Amino acid sequence: MSAMTGWWSRRSVAGKVELYTRWTFHLFVPIELFAFGGIPLSRSADSPLSTAGAVGLCLWVLVHALLCGFLASRSLDHTTGVRPRPVRLATGVSAATATGNLAVVVLWTTGALPDASVNASVIVGTAVFTVGTLALCVDGVRRMLYVALGAGLVTALPVVLLGHGLLPGAATVVAVAVGGCGTAGACGFSSWLLGVVQELERSRDLKARLAVAEERLRFGRDLHDVMGRNLSVIALKSELAVQLTRRGRPEGVDQMVEVQRIAQESQREVREVVRGYREADLRVELEGARGVLDAAGIDCAVDAPAVELPSGVQSALGWVVRETTTNVLRHGDPRRCAIALRRTADGVLLTVENDGAAVRDGAAAPGRTGSGLAGLRERLGAVGGTLEAGFVDPHSFRVTARVPLAVPEQTGTRQERETVA
C-alpha cells in the first residue's frame, strides 16, 4: 500500500496542492470536450446540422481545449516561479478563440452551420473556458472582471454585425460575462491558493535557515568574546618576552610562563563554550519542541512529569527531542505528535511518536537509518542508553530512548570529549 501511495505521501504540502491544482486544470480539457464538443455530434441527427459540420465543430472544441490546457500549465509554472508569465501564449490563445468563434458565426450566417443553439453553445463555451484560463495569467479581481466583460463583447460583436440581431448578441454578452466571471473566480482562486502555499513553504525554509544562521552567529560571538582578549594578551606578552630574551633579561621566562598559563585558561574556556553549545537541556528542548510543532500546525502533546536526572542523561535525552522534532518537521505530513517521558524501575523512557510519516525509499529496510539517528545512538551509548526507531504502522513513526540511571554521570559522548580536548 505504501508503494502505491508513496507518490502522494512523499510530497510536501505545497507539492500536494500543486499536483492537485495541475490535474484539476488538466481535467478541464475532457470536460470542455464532452460538455461542448459532444453537443454537435449528439444534435446532428435531430437538427439540420450536417455530419461534416458537427465533426468540424467538435474538432474546433478539441483544439481549443488543448490550447487552454497548455496555457493553464504554463500559467501555473509562472505561479510556482518556474517560468515567466506566458503573455505571448495568452495573446495567441485569445486570438485563436476569437478567430475560431468568428469562423463559426460566419458559417452560421452563410447557412453551413444552420443550428443556432449548437453554434451558440460552442461559441459561449469556448469563450467561457478561455476567460477561465486567462484568469491564471492576470493578477487582481478587477482585471479578471475586465477579461470576462471584454470576452463577452468580443464574442457578441460578430453575432450582431453579421445580422443575427441584438437579442442574440445581448444574450451572448450576458452568458459569456456571467459564465466567465464564475470560471475566472474559481481559476483565479486556485492560482492564488497555490501561490500562497508556495510562499508559506519558502517562508518555512527561510525561517529554518535563519535559525541556523542565528545559532552560528551566537556561537561565533561567544567564541570571540572568550578568545579575543586572551589572544591579544598572549600576543602582547609573547612580543615582550622576545624583546626581553634578546636583551638577555631573565624576565622573559616569566612572561612565557604567563603566556602558557593564559593559553591553558583559554583552552579551558573554549571547552566550556563548546560543551555548553553541544549540551541540551531536556526541559528547554521539550518546551521548544512544543512551540515549534504548534507553530507548524502540528498538535503536540507533551507528557513529561518532573524527573530528577543527571546532567549527562538530560543532555542526551534533550538531543533526542531536538533531533526527532526536526525529523517530524522535515519528513512526511504530520498532524499530531506525542512526546512522553516516564521513570522506570531502573531508568528513564522517552518516546516520540507522530503520524503522517512518509516511507522513503529503503528507509524501512532493516539496518537502514539516517545519520541523525546514528548520532543519537552514539550520544545515548555514552550514558549506557539505547535507541529504537521504526514504523508502528504505514503512517506512524515512533522513536524510543531508554537510559539507565545507575551509570556514571557524563557530560557528553567520547567523541565530543576528544574533540574539545
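This structure is a prediction, so every number in the text was calculated from the model and none was measured.

Novice: Which residues make up the packing of aromatic side chains, and what are the values?
Specialist: For the coordinates displayed, the defined rule picks out 5 aromatic pairs. Between the aromatic rings of Phe189 and Trp192, the centroid separation amounts to 5.7 Å while the plane-to-plane angle is 35°, which identifies the pairing as tilted. Taken as a pair, Phe189 and Trp192 lie in helix 8 (residues 166–246) at a separation of 3 residues, close to a single helical turn. Take Phe189: its relative accessible area is 47%, and that puts it in the partly exposed class. Pairing Phe391 with Phe397 gives two aromatic rings, centres 5.1 Å apart and planes at 80°, and the pair type is edge-to-face. Owing to a relative accessible area of 28%, Phe391 belongs among the partly exposed residues under this scheme. The ring of Trp319 carries Arg322 above its face, with NZ or CZ at 4.4 Å from the centroid.

Novice: Pulling in residues and values, what's your account of the pattern of salt bridges?
Specialist: Summed over all chains, the structure comprises 14 salt bridges. Here Glu285 ties to Arg322 by a salt bridge, and the two come within 2.6 Å at their closest N and O atoms. Of this pair, Glu285 sits in helix 10 (residues 282–295) while Arg322 sits in helix 11 (residues 311–330), and the two are 37 residues apart along the sequence. On the basis of relative accessibility, which here comes to 13%, the residue Glu285 falls in the buried class. With a shortest N-O distance of 3.4 Å, Asp355 and Arg336 are connected by a salt bridge. In this pair, Asp355 is assigned in strand 3 (residues 347–355) and Arg336 in strand 2 (residues 336–343), connecting sequence segments 19 residues apart. Asp355 gets classed as buried once you look at its relative accessible area, which sits at 16%.

Novice: Just give me the short version of the packing of helix 4 (residues 51–79) against helix 5 (residues 87–110), but keep the residues and values in it.
Specialist: Relative orientation of the contacting elements helix 4 and helix 5 amounts to 165°, with a least axis distance of 10 Å. The orientation of helix 4 relative to helix 5 falls into the category roughly antiparallel. Crossing handedness for the pair helix 4 and helix 5: left-handed. Together, Leu57, Trp60, His64, Leu67, Cys68, Phe70, Leu71 and Arg74 of helix 4 and Leu89, Ala90, Val93, Ala96, Thr97, Gly100, Asn101 and Val104 of helix 5 make up the contact between the two elements. Broken down by class, the residue content of the contact of helix 4 with helix 5 amounts to 11 nonpolar, 4 polar and 1 charged.

Thresholds, definitions, all that
Residues numbered from 1 in each chain as written. Predicted model: local features only at pLDDT ≥ 70, side-chain atom pairs only at ≥ 80, totals over all residues. Heavy atoms only, no water. Phe/Tyr/Trp six-rings, centres within 6.5 Å; stacked < 30°, edge-to-face > 60°. Helix = DSSP H or I, 4+ residues; strand = E, 2+ residues; numbered from the N terminus. Buried < 20%, exposed > 50% of the residue type's maximum accessible area, 1.4 Å probe, protein only. Lys NZ or Arg CZ within 6 Å of the ring centre and 35° of its normal. Salt bridge = Lys/Arg side-chain N within 4 Å of Asp/Glu carboxyl O. Axes fitted to C-alpha atoms, helices over the stretch in contact; angles between N-to-C directions. Parallel < 35°, antiparallel > 145°, perpendicular 65-115°, else oblique. Left-handed = near helix turned anticlockwise from the far one by under 90°. Contact = heavy atoms within 4.5 Å. Nonpolar A, V, L, I, M, F, W, Y, C, P; charged D, E, K, R; others polar.

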